Amino acid sequence: MTTAQPAMLVEVEAVSKRFTPQLSLGDRLAALLGSPVETRTVHAVDRVSFGLEQGEVLGLVGESGCGKSTLGRVIAGIHPPSEGRASIAGETVMGDGRTPLKRTTRIQMVFQDPFASLDPRVRIGETISEGPLAHGLVSRTDAPAYVARWLTAVGLPVEAAERFPHQFSGGQRQRVAIARALAMQPDVLVCDEPVASLDVSIQAQIINLFLKLRRELGLTMLFISHDLGVVRHLCDRVAIMYLGRIVEIGPAAEIFAAPRHPYTRALLDSVPKLVTGSDELVTFKPIQGELPSPLSPPPGCHFHQRCPRAEARCRSDAPQLAGGTDEGTGHRVSCHFPLAGEA
Ligand code: SF4
């Protein structure tokens, strides 16, 4: 998959995730009696492959419902995959859906809603130390100092260990959630929209915290976001996801300067921009049409119903993620008629 690239810390190979709701009692009875029963399957993630280098931040971007959060949860071990494999430094941490998922502490996750991800009845110190104690990363004697170290790392006072989640603001709660994840000493942090529920001023503080932690700890991160500005600021590479598939992946600077997939171009064009020398917003171009339902993804290229460049081939023939104009950068695009890479 990434043969031109350096050895990857994380390798994700052809991971798919489908959700099929259980049949109701009535439907099960009908099936037993031989009546045709429609089963509806959500195709959330479709044969996704990518790698993460040590110390790299990969942004995973797409519209709501494109499958990026599901992919993050599969990689973090929260959902078992339907198919596919993943490894960290050569150790398989995720087999196919037929084998039990191997739980690993090597990948930790930071969620969008810090309040929902913290137990309101548990003091912050206990929340942060619970996992490290359970996994033998710290002794009970050393736990208070260990908690203080991670609270300090995320910019909270050590006294915060004695408080409960409701005694913090949203941004502080997200700092606690980050400290809890880091205290497990993971190889990889999966961050699922970690600033989306915060005020804009607080968002900037948390992004700066990620930048600082990255500098100091050499964090490797999969950063899931629909906010292109945040991703541009934080990420080395970007993967663009559309209806369960990665349609473009490459260095962030290259993708933002010269996208090659029509969907990436449309995403960038949908962001409002200021006119130079004016304080008025230019008219932005919203993406045409709606994201199709993952219950019945369109055949061929999933984007063909919304793509201004679609031709007959696009409606039947699914494009593969292939090298772009400069394979040395790892820029790949999944399109039969990619853009020339214009800004
Ligand atoms: Fe558009 Fe066809 Fe490329 Fe899909 S494969 S993005 S429909 S040009």
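Up top is the structure these notes are about.
So, how was this worked out
Residues numbered from 1 in each chain as written. Predicted model: local features only at pLDDT ≥ 70, side-chain atom pairs only at ≥ 80, totals over all residues. Heavy atoms only, no water. Near = heavy atom within 4 Å. 1 Å grid on protein atoms, 1.4 Å probe; cavity = no way out; pocket = protein on both sides within 12 Å on 5 of 7 lines; lining within 4 Å. Sits in = over half its atoms within 2 Å of the grid points. Nonpolar A, V, L, I, M, F, W, Y, C, P; charged D, E, K, R; others polar. Pairing = 2+ DSSP bridges. Helix = DSSP H or I, 4+ residues; strand = E, 2+ residues; numbered from the N terminus. Axes fitted to C-alpha atoms, helices over the stretch in contact; angles between N-to-C directions. Core = buried A, V, L, I, M, F, W, Y, C linked by side-chain atoms within 4.5 Å. Buried < 20%, exposed > 50% of the residue type's maximum accessible area, 1.4 Å probe, protein only. Contact = heavy atoms within 4.5 Å. Salt bridge = Lys/Arg side-chain N within 4 Å of Asp/Glu carboxyl O.

As a structural note, the neighbourhood of the ligand is formed by 13 residues, with Cys301, Cys307, Cys314, Cys335 and His336 the closest of them. If you map the ligand onto the pockets, it falls in the largest cavity. Across the shell around the ligand, the residue classes tally to 9 nonpolar, 3 polar and 1 charged.

The strands that make up a sheet are held in pairs by hydrogen bonds between backbone atoms, and each pair lies either parallel or antiparallel. In spatial order, the strands read β2-β1-β4-β5; together these 4 strands make up an open sheet with antiparallel pairing. Bordering the open sheet on either side are β2 (42-52) and β5 (91-94), each of which pairs with just one other strand. In this sheet, neighbouring strand axes are inclined to one another by 25° on average, regardless of whether the strands run parallel or antiparallel. Relative to β5, strand β4 (residues 83-88) runs antiparallel, the two being bridged by 3 bridges. When the sheet's bridge partners are listed, Ser87 is paired in β5 with Thr92.

Attention shifts here to the nonpolar core. Ranked by size, the top nonpolar core spans 57 residues in total, and within it Ile178, Leu189, Phe210 and Phe223 carry the most contacts. Discounting residues that sit within four places of it in the chain, Ile178 has contacts with Val110, Val154, Ile206, Leu209, Phe210 and Leu213. Core analysis: the second largest hydrophobic core is formed by 30 residues, Leu9, Phe50, Leu58 and Leu60 among them.

Bringing the pattern of salt bridges into the picture now. Taken as a whole and assessed by the stated rule, the structure comprises 14 salt bridges. The partner of Asp187 in a salt bridge is Arg106, with the nearest N and O atoms 2.5 Å apart. One end of the pair, Asp187, is in the loop between α5 (170-182) and β7 (188-192); the other, Arg106, is in the loop between β5 and β6 (107-110), and 81 residues separate them in sequence. Look at Asp187 and you get partly exposed, because its relative accessible area is 27%. Two residues, Lys212 and Glu216, come together in a salt bridge whose shortest N-O distance is 3.5 Å. With Lys212 and Glu216 both in helix α6 (residues 200-217), this residue pair falls 4 residues apart, about one helical turn. Exposure remark for Lys212: the relative accessible area of 25% places this residue in the partly exposed category. The network of salt bridges with shared partners includes Asp46, Arg47 and Arg245.

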